Amino acid sequence: IDELVFLKSQGRTCINFSDDTMTANVRRLNVVCDLLARLNLNIQWLCESRVDVMTAQILQRMRSLGCSTIQFGVESGSQEVLDSIHKGITIDQVEKAVKSAFESGYETIICSFMIGHPFDTEETVHRSIRFAMGLQSDYGVEVRFHVCTPYPGTSLFLNKEELGVHLVSHNYEDYNFFNPVMNLKHLTHLQVRNLYFEAIEQVLAHQVDRLLPCVTKLRTNEANRLFGCAGW
């Protein structure tokens, strides 16, 4: 909170809590919210969260105190995959948290997904894509897809043999959110790459479908202003 006060004194009006445990401890979160309410800093802030700790009441309070953007790490639209990676959440919790954030008036709701989990199949990936597109359609969610990456030191990296994962590159410069470096039990790294491209393509196509009516309306309004006629 002292840091927020300092940043506000430096003229900052929007602050991102780049911390995926920002809301993990609800008791601590409530203390932070109490201090924000007391200080009345009048700033916008962004944070990441988990769907299993968010309630409608918490989301509404955070929104009233300036939280304009919230990101949920969903990872998969397949319950089987979520269970296999020990995510500890359910598809129903995702839906409820996103709906509550939408109804609370958040300007941006982000849901991030990963493609290429150790037990992913074409069907589970397509299930994730369909689920993500549903969230985008129903609640205006900003969907982000990334490639599951076995960073050194992670459980995925340390248990790759047990998980049936074969690394196709040991060059850590290849390890990022966009370049598959694993052959899985059911998918090769090339199949994962193609499924990732497919997911991105669908996200972009859906965004175009949503934006096109807005662009058309803007063009029509501008034509009316300039020429006094519709449909120019």
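If you're wondering where the values come from, they're calculated on a predicted model, not measured in any experiment.

With respect to the environment of glutamate 95
Part 1: Within the secondary structure layout, glutamate 95 lies in helix α5 (residues 91-103).
Part 2: The exposure class of glutamate 95 is partly exposed, given its relative accessible area of 27%.
Part 3: The spacing of glutamate 95 and valine 51 is 44 residues in sequence and 8.7 Å in space, taken between C-alpha atoms.
Part 4: Looking at glutamate 95, its side chain comes within polar contact range of the side chain of tyrosine 139, at 3.0 Å.

Description of the nonpolar core
Part 1: By size, the foremost hydrophobic cluster in this structure holds 61 residues, and its most contacted members are Met54, Met62, Phe72 and Phe145.
Part 2: Sort the elements by how many residues they give to this core and helix α6 (residues 122-139) lands first, with 7 residues.
Part 3: Those residues within four positions of methionine 54 in sequence are excluded, and the remaining contacts are Thr23, Leu29, Ser49, Leu59, Met62, Ile70, Phe72 and Ala97.

Focus on the sheet that holds strand β1 (residues 14-17)
Part 1: Taking strand neighbours across the sheet as the criterion, the 5 strands line up as β1-β2-β3-β4-β5 in an open arrangement whose pairing is parallel. Both outer strands of the open sheet, β1 and β5 (142-147), are each paired with one neighbouring strand and no more. Here the average twist between neighbouring strands, direction ignored, is 20 degrees.
Part 2: Pairing of strand β2 (residues 44-49) with strand β3 (residues 67-75) involves 5 bridges; the strand directions are parallel. Counterpart to tryptophan 45 in the pairing with β3 is cysteine 67.
Part 3: Along the sheet, helix α3 (residues 56-64) contacts β2 and β3; its crossing angle with β3, the most-contacted strand, is approximately 140 degrees.

Considering the packing of aromatic side chains
Part 1: Inspection of every chain in the model, using the stated rule, returns 7 aromatic pairs.
Part 2: Aromatic pair phenylalanine 102 and tyrosine 139: ring centres 5.6 Å apart, planes at 65 degrees, arrangement edge-to-face. Of this pair, phenylalanine 102 sits in helix α5 while tyrosine 139 sits in helix α6, placing them 37 residues apart in sequence.
Part 3: What makes tyrosine 139 buried here is its relative accessible area of 14%.
Part 4: Counting every residue linked through ring pairs, the aromatic cluster contains Phe113, Phe131 and Phe145.
Part 5: Looking at arginine 63, its charged tip hangs above the ring of tyrosine 106, at a distance of 5.9 Å from the centre.
Part 6: One cation-aromatic arrangement involves lysine 160 over phenylalanine 157; the distance from NZ or CZ to the ring centre is 4.0 Å.

Things to note about the state of the cysteines
Part 1: Counted under the stated rule, the structure contains 0 disulfides.
Part 2: Free cysteine cysteine 33: the closest other cysteine sulfur is in cysteine 67, separated by 8.6 Å.

Observations regarding the packing of helix α2 (residues 26-39) against α3
Part 1: Across the interface, α2 lies against α3 with an axial gap of 10 Å and an inter-helix angle of 30 degrees. As the angle between them shows, α2 and α3 are arranged roughly parallel. Where α2 crosses over α3, the handedness of that crossing is left-handed. Listed contacts from α3 to Val26, Leu29, Asn30, Cys33 and Asp34 of α2 are Ile58, Arg61 and Met62.

Side note on the side chain of serine 68
Part 1: Note on placement: serine 68 falls in strand β3.
Part 2: What serine 68 contacts, discounting residues up to four positions off in sequence, is Gln44, Trp45, Arg63, Tyr106, Glu107 and Thr108.

A few points about the packing of α5 against α6
Part 1: At their nearest, the axes of α5 and α6 sit 11 Å apart, and the two run at 20 degrees to each other. In terms of their interaxial angle, α5 and α6 are classed as roughly parallel. Seen along the crossing, α5 lies across α6 with a hand that is right-handed. Here Ile91, Val94, Glu95, Val98, Lys99 and Phe102 of α5 lie close against α6, whose contacting residues are Phe131, Leu135, Asp138 and Tyr139.
Part 2: Taken together, the residues of the contact of α5 with α6 sort by class into 7 nonpolar, no polar and 3 charged.

Cut-off values and rules
Residues numbered from 1 in each chain as written. Predicted model: local features only at pLDDT ≥ 70, side-chain atom pairs only at ≥ 80, totals over all residues. Heavy atoms only, no water. Helix = DSSP H or I, 4+ residues; strand = E, 2+ residues; numbered from the N terminus. Buried < 20%, exposed > 50% of the residue type's maximum accessible area, 1.4 Å probe, protein only. Polar contact = N/O pair within 3.5 Å; in protein donor to acceptor, adjacent residues only side chain to side chain. Core = buried A, V, L, I, M, F, W, Y, C linked by side-chain atoms within 4.5 Å. Contact = heavy atoms within 4.5 Å. Pairing = 2+ DSSP bridges. Axes fitted to C-alpha atoms, helices over the stretch in contact; angles between N-to-C directions. Phe/Tyr/Trp six-rings, centres within 6.5 Å; stacked < 30°, edge-to-face > 60°. Lys NZ or Arg CZ within 6 Å of the ring centre and 35° of its normal. Disulfide = S-S within 2.5 Å. Parallel < 35°, antiparallel > 145°, perpendicular 65-115°, else oblique. Left-handed = near helix turned anticlockwise from the far one by under 90°. Nonpolar A, V, L, I, M, F, W, Y, C, P; charged D, E, K, R; others polar.

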